[in-house]
There are 2 protein chains.
Amino acid sequence: MYQNILLAVDFSKASTCVAQRAMQLAPEGSQLTVLHVAEYLPMLDYSGDPMAMTPLAIDEDLLMEDAKQSLQRFVDKHLQGVEVVQQVKMGIPKLDILQTVEKQNIDLLVIGSHGRHGLARLLGSTAAAVINDCPCDILAVRINPDNS
Amino acid sequence: MYQNILLAVDFSKASTCVAQRAMQLAPEGSQLTVLHVAEYLPMLDYSGDPMAMTPLAIDEDLLMEDAKQSLQRFVDKHLQGVEVVQQVKMGIPKLDILQTVEKQNIDLLVIGSHGRHGLARLLGSTAAAVINDCPCDILAVRINPDNS
C-alpha cells in the first residue's frame, strides 16, 4: 500500500472531502504530507524583471505567513488526530505539486477533481500534462463543481 | 471507504499493476467490477450509416467472444482469489467507461495512467473531459509508458 502520500489543498470547501479520503487511504505508519501552494505572481518592471521593491517583499512575506496560518487551521479542523507534515510553497500550483511529488518520492497524490488547485483546473489547456508528468499514482477525489 | 469499484483494463502489460492496486484498495465486502471495452468501429456506407452486412456482424461476434475469453484469462491470472464481476463492452473506451461508472453507481474508477485505455490516452485532445464528466473518484495508477 501507499507509504508516502501527498495531499494538495487549496482551502476550498471541497478540500474537506479530499482530506477525508487521504486520511482513509493512509495506512498506519505511512507519511502524510499536506501541501498548499500559495499562488503569487510578482509584478514585473518594463524590462520583464521582477520589481525589487520593499513593498513586494513584504507582500510575499505576509502572503506566506497567511498561508501557513490557514494551513494550520485546516489541519487542526480537518485532520485532527492524524500526524501530518505541513508544507507551504509559493509559486505555480501545478509545477510545485509535481516538484514536491518528485523530490519527496511521493507514491500517491490525493487531489480534488475540481477547485482552484483541482485536477481539472491543473490540467487546464495543457491537457494530460499532469498525468503524463506525475511520477506517482493520482487519486482525483470527485468534487461537486459548486463546492469548489 | 469505497464500496463499488470499477477496474478498467486493456490487457496491456501495465494492466497487471492496475489490477493489483484495485485489489489492495477494495475493502472486504466491496464489489469489484473488471471492465474491458473492445474498440470496434463498424464500417460506414456512403450515406454514413453502418453497413448492414453479415460478415460485419460475424466480426463483431468474434471480437466480443475473443474479448470475453481474454478477460477471463486476465482475471484467472491477475485477480486470483478475488470475487469480481466481469464485463465486456464493445464501443468507445472513454464513453463506455464513463457510462458504466454512472449506470452502476461506481464510487472509484481505477485505471492506468498510460496505455491504450489509460487516463492520459482517454484524456487525449478532449483535455479534462474525463475528469470533468466522471461522477466518481478516479485512481490513476502510474504506468511506465514503456509498459503500456
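For the structure itself, consult the block above.
Position labels on residues start from 1 in each chain and follow its written sequence. By the order in which they are written, chains take letters starting at A while ligands take numbers starting at 1. Residues qualify for local features only when their pLDDT is at least 70, as the model is predicted, and side-chain atom pairs are given and counted only at 80 or more; totals for whole chains, interfaces and linings, by contrast, use all residues. Each side-chain value is derived from all of the structure's non-hydrogen atoms; neither hydrogens nor water enter the calculation.

**Comments concerning the overall build of chain A**
Across its full length, chain A holds five helices and five strands. Only runs of H or I of at least four residues qualify as helices and only runs of E of at least two qualify as strands under DSSP, and these elements are numbered from the N terminus. From first element to last, N terminus to C terminus, chain A shows the α and β order β-α-β-α-β-α-β-α-α-β. A buried classification covers 47% of the 148 residues belonging to chain A. A fraction of 76% describes how many contacts in chain A between residues 6 or more apart in sequence connect residues 24 or more apart. Of the roughly 7600 Å² of accessible surface on chain A, 50% is carried by carbon and sulfur atoms. We call a residue buried when its accessible area falls under 20% of the maximum for its residue type, exposed when it is over 50%, and partly exposed in between, using a 1.4 Å probe and counting protein chains only. The contact rule is simple, with two residues in contact once any of their heavy atoms fall within 4.5 Å. All accessibility values rest on the Shrake-Rupley procedure with a 1.4 Å probe; residue burial counts only the protein chains present in the view.

**A word on the nonpolar core**
By size, the foremost hydrophobic cluster in this structure holds 48 residues, and its most contacted members are Leu7(A) and Leu7(B). Ignoring anything within four residues of it in the chain, the contact list for Leu7(A) reads Val18(A), Ala19(A), Ala22(A), Leu32(A), Thr33(A), Val34(A), Leu35(A), Leu79(A) and Val110(A). Grouping buried Ala, Val, Leu, Ile, Met, Phe, Trp, Tyr and Cys residues that are joined through side-chain atoms within 4.5 Å yields what is termed a nonpolar core. Core analysis: the second largest hydrophobic core is formed by 30 residues, Leu98(A), Leu109(A), Ile138(A) and Ile106(B) among them.

**Focus on the environment of Leu32(A)**
Residue and element names in this part refer to chain A. Tracing the sequence through the fold places Leu32 in strand β2 (residues 31–39). Using a relative accessible area of 2% as the deciding quantity, one classes Leu32 as buried. Spatially, the C-alpha atoms of Leu32 and Ile106 are 9.5 Å apart, while their sequence positions differ by 74 residues.

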